[in-house]
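# Descriptive analysis of the structure
Spelled out from the first residue to the last, the chains are:
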Amino acid sequence: MNKNNLPLIEFNPKLPKLSNSEKAVLELLVEAGRLIVPIYLEQEKQAKIEIDKKEIEEESQKDPAILSPYTALEKVNGEIVATPYHKKYAGLLKPIAEKLTKASEITDNKEFGKALKIQSKALLDGSYEEATAAFLKIESPYIFDIAIGPVDHFDDELFFGKASYQAWVGILDMDGTERLNNYKSVTLSARRHALMSKGMVEAAIIRAKVLDVVLFSGFMARTRFAGVNLPTDTNTIEKYGAQVTLFNQPNDLRVKEQIVPTFNKIFSRGFKEGFSQEDLRRGYLRSIALHELAHSYLYYKNTAKNLKDLFPSINELAATVLGLRLAGTLLLKDRINEKQLQSMIVAFICRSFSLIEGRRNTLPLVNYRLGGLIYINFMLQNGALKQLDNLVYINFTKVFVSLHELSSMLENLLAHGTRMDAELFIKKYTTLYS
Ligand SMILES: [Zn+2]
């Protein structure tokens, strides 16, 4: 698919009927997305330059721009120099901005056109917050979606976490989007009634959409996320809101490459007869949907600062576990049935085992791997999972009871834990099986 290991994946989803101007807009968005590749390759080269953490902290006292997610660091005559992304990559960004501007002039959708224009400007002058706000303001989702530019995914070590250049271009999946928004309203009201706890930040608005993906480039092509919830900065979220986006084709790819092979390996023949590939595909997509929605119910101020480098692992697992609990709410409201809930649990167990076995130690995967490890250990210690003769046996009732226990522990850590608390927790639940 990407033979040269370029950070670019192009999918071929079935396109809806498009007018000539819409065809031209899509073409321009895709061309703009491809142009992210050379910038991200530059960033990958940059990431290999070793700059001492301590030195960064010290020098940032003099120049706070060193810690900004949107600066590139270099050593000039022994001193750390921070250059804003939009200056460092100005030459590569210019043609991207031109394509976005051109698309903004052609599109029939005024709101989308306006957001594109603001995004185009942001790439060249660093006014990213305005662009984030402009896209979140779009009331009714348009047939096309694009996210392009540097995005802070919380995936790097937090002291000098830098935003990665990325792009996605997608076509709105209207049925999927309607289902996701249905899940959103059910889980959001459950969260408000029963689970909202002190010290939480509430998003100004939560938008949710499902896309058929045309293109992933830069960071998104490397990570192949099946869903995202952006932005990650709690101040921005409080002010402008957050957007959950799910990606159909990357989800299917992950199910094919990871979930199904693991499923075939770790379960008994009798158990496997109970779940088809389609059950797993839908189960995994649902678990991602609820994971991303759950992120929006787990914003606490200062968590990232308190938990430091351990924040991403704890936060990601907390979203998965809360997501599976919220699936219980969907079950109570008859939005999903028991078999569908079980398929979600099975799919996430497969994902966890595949991450553990994969032993990939690159960021951000290492964060998800650690989360998977805690999850499996927790379930084994509670007897919700049993391992016998290299096979895994699930007790679904015990899994569900354990999910409650695990999610309150994780939320405690997010709400008022220290890095030491998180470290002890991780130690406790990575001993049995690691
Ligand atoms: Zn997540």
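Residues numbered from 1 in each chain as written. Predicted model: local features only at pLDDT ≥ 70, side-chain atom pairs only at ≥ 80, totals over all residues.

### Some words on helix α17 (residues 365-381)
Our working rule: Put simply, DSSP marks the helices as runs of H or I at least four residues long and the strands as runs of E at least two long, and each gets a number from the N terminus on. The span expected for a helix works out to 1.5 Å for each residue beyond the first. Exposure is read from a count of other C-beta atoms within 10 Å of each residue's own; the residue is exposed at 12 or fewer, buried at 20 or more and partly exposed in between. C-beta atoms are placed from the backbone.
Between its first and last C-alpha atoms α17 spans 24 Å; for 17 residues at 1.5 Å apiece the expected length is 24 Å, and the two agree. With respect to burial, α17 is a largely interior element, 13 of its 17 residues being buried. Just downstream of α17, Gly383 is the residue with a positive phi angle, here 75°.

### So, the pairing of strand β6 (residues 206-218)
What counts, and what does not: Strand pairing is assigned whenever DSSP identifies at least 2 bridges connecting the two strands.
In terms of residue burial, β6 counts as a mostly covered element, since 11 of its 13 residues are buried. Pairing of strand β1 (residues 8-10) with β6 involves three bridges; the strand directions are antiparallel. Within the sheet, the bridge partner assigned to Ile9 lies in β6 and is Phe216. The pairing of strand β5 (residues 164-172) with β6 spans seven bridges and is antiparallel. Among the inter-strand pairings, Leu172 is bridged to a residue of β6, identified as Leu211. For β6 and strand β8 (residues 242-247), the ladder comprises six bridges, and the chain directions are parallel. Along β8, the bridge assignment pairs Val210 with Leu246.

### A word on the domain arrangement of the protein chain
Note the threshold: Segmentation of the chain into domains, including their bounds, is taken from an automatic or database domain assignment.
Looking at the assigned domains, one finds that the protein chain contains domain 1 (1-172 + 203-245) and domain 2 (267-434). When each unit is reduced to the centre of its C-alpha atoms, the spacing between domain 1 and domain 2 is 28 Å.

### Observations concerning unusual backbone geometry
Negative phi values dominate among residues other than glycine, just as trans dominates among peptide bonds. For the peptide bond that leads from Leu230 to Pro231, omega is 0°, which places it in the cis range. Here Pro231 is to be found in the loop between β7 (227-230) and α10 (234-240). Despite not being glycine, Asn77 shows a phi value in the positive range, around 50°. Given 5 C-beta atoms within a 10 Å radius, Asn77 is considered exposed. Positive phi outside glycine occurs at Arg224, with the angle close to 50°. Topologically, Arg224 is positioned in the loop between α9 (219-223) and β7. Given 16 C-beta atoms within a 10 Å radius, Arg224 is considered partly exposed.

### Comments concerning the pairing of β8
Within β8, six of the six residues are buried, which leaves it mostly tucked inside the rest of the structure. Pairing of β7 with β8 involves four bridges; the strand directions are antiparallel. Bridge pairing in β8 links Val228 to Thr245.

### Regarding the nonpolar core
Defined as follows: By convention the nonpolar core is taken to be a set of buried residues drawn from Ala, Val, Leu, Ile, Met, Phe, Trp, Tyr and Cys and joined through C-beta atoms within 7 Å. Throughout, a residue-residue contact means that the two C-beta atoms, derived from backbone geometry, are no farther apart than 7 Å.
Counting 121 residues, the largest nonpolar core has Leu29, Ala167, Trp168, Ile314 and Ala318 as its most contacted members. Of the residues forming this core, the biggest block, 11 residues, is contributed by helix α15 (residues 311-332). There are two domains that each give this core at least three residues, and those are domain 1 (1-172 + 203-245) and domain 2 (267-434). Contact partners of Ala167, with chain neighbours within four places excluded, come to Gly33, Ile36, Ile146, Ala147, Ile148, Leu215, Ser217, Gly218 and Met220.

### Comments concerning the environment of Glu10
Secondary-structure assignment places Glu10 in strand β1. In this structure, the C-alpha to C-alpha distance between Glu10 and Val213, residues 203 residues apart in sequence, is 7.9 Å. Among all residues touching Glu10, those that are not within four sequence positions of it are Val214 and Leu215.

### Description of the packing of helix α5 (residues 90-106) against helix α6 (residues 110-125)
Spelled out, the test is: Axes here mean lines fitted to C-alpha atoms, for a helix over just the part in contact, with angles spanning 0 to 180 degrees between N-to-C directions. Angle categories: roughly parallel below 35 degrees, roughly antiparallel above 145, roughly perpendicular from 65 to 115, and oblique for all the rest. A crossing counts as left-handed when the near helix is turned anticlockwise from the far one by less than a right angle, and as right-handed when that turn is clockwise.
Their axes nearest at 8 Å, the elements α5 and α6 cross at an angle of 165°. Between α5 and α6, the angle is such that the two are roughly antiparallel. Handedness of the α5/α6 crossing: left-handed. On α6, the residues touching Leu93, Ile96, Ala97, Leu100, Thr101, Ala103 and Ser104 of α5 are Gly113, Leu116, Lys117, Gln119, Ser120, Leu123 and Leu124.

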